[in-house]
Amino acid sequence: MSFVPVAKASEIPPGSAILVEINNLEIALFRLGDEFYATSNLCIHQGGPLAEGRIDGEQVICPWHHWRFNIKDGTSPLSPKLKLRTFPVKREEDQILIDLP
Ligand code: FES
């Protein structure tokens, strides 16, 4: 486990997300206000690209079939069994780092 720099905070507007491809992982990096969160980019339904989903409050809506997930903890309002993988994120000045397995 180690924090790896992946993006600049100033390049991600609040209320948006970017795709980070690193270590054979596709990660969606979200910005809510001044906080950053990272989940798997791949929807657990059929692999839709969550970094391209619409953000509604603290939820992202998958662009393929509109499943919703909480950006902060990866949970789904549909079922407690449905949960995206999440990754710890930290910010050092303008640098965003993700803790990768
Ligand atoms: S692939 Fe995301 S809702 Fe179907």
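Residues numbered from 1 in each chain as written. Predicted model: local features only at pLDDT ≥ 70, side-chain atom pairs only at ≥ 80, totals over all residues. Heavy atoms only, no water.

As recorded by an unreviewed UniProt entry, the protein carries the name Non-heme iron oxygenase ferredoxin subunit and is attributed to Candidatus Manganitrophus noduliformans.

This next bit is on the environment of Ile 55. Checked against the element boundaries, Ile 55 lands in strand β5 (residues 54–56). The residues contacting Ile 55, other than those within four sequence positions of it, are Gly 15, Ser 16, Ala 17, Phe 30, Leu 32, Val 60 and Ile 71. (Helix = DSSP H or I, 4+ residues; strand = E, 2+ residues; numbered from the N terminus. Contact = heavy atoms within 4.5 Å.)

With that settled, consider the sheet that holds strand β8 (residues 86–87). On the basis of which strands lie adjacent, the open sheet formed by 4 strands has the order β2-β3-β4-β8 and antiparallel pairing. Edge positions in the sheet fall to β2 (16–22) and β8, since each of these pairs with one other strand and no more. (Pairing = 2+ DSSP bridges.)

Once that is clear, we can look at the sheet that holds strand β7 (residues 68–70). Pairing in this open sheet of 3 strands is antiparallel, and the strands run β5-β6-β7 from one edge to the other. The open sheet is flanked by β5 and β7, the only strands paired with a single partner. Across the sheet, the axes of successive neighbouring strands diverge by a mean angle of 30°, strand direction being ignored. Sheet topology places β5 next to strand β6 (residues 59–61); 3 bridges connect them, and they run antiparallel. Each residue of the ladder has a partner; that of Arg 54, found in β6, is Ile 61. (Axes fitted to C-alpha atoms, helices over the stretch in contact; angles between N-to-C directions.)

According to UniProt, the positions carrying the feature "domain: Rieske" (unreviewed entry) are residues 4–98. Helix makes up 0% of residues 4–98 and strand makes up 47%, while its end C-alpha atoms are separated by 5 Å. (UniProt positions renumbered as here; feature names shortened; annotations may be inferred.)

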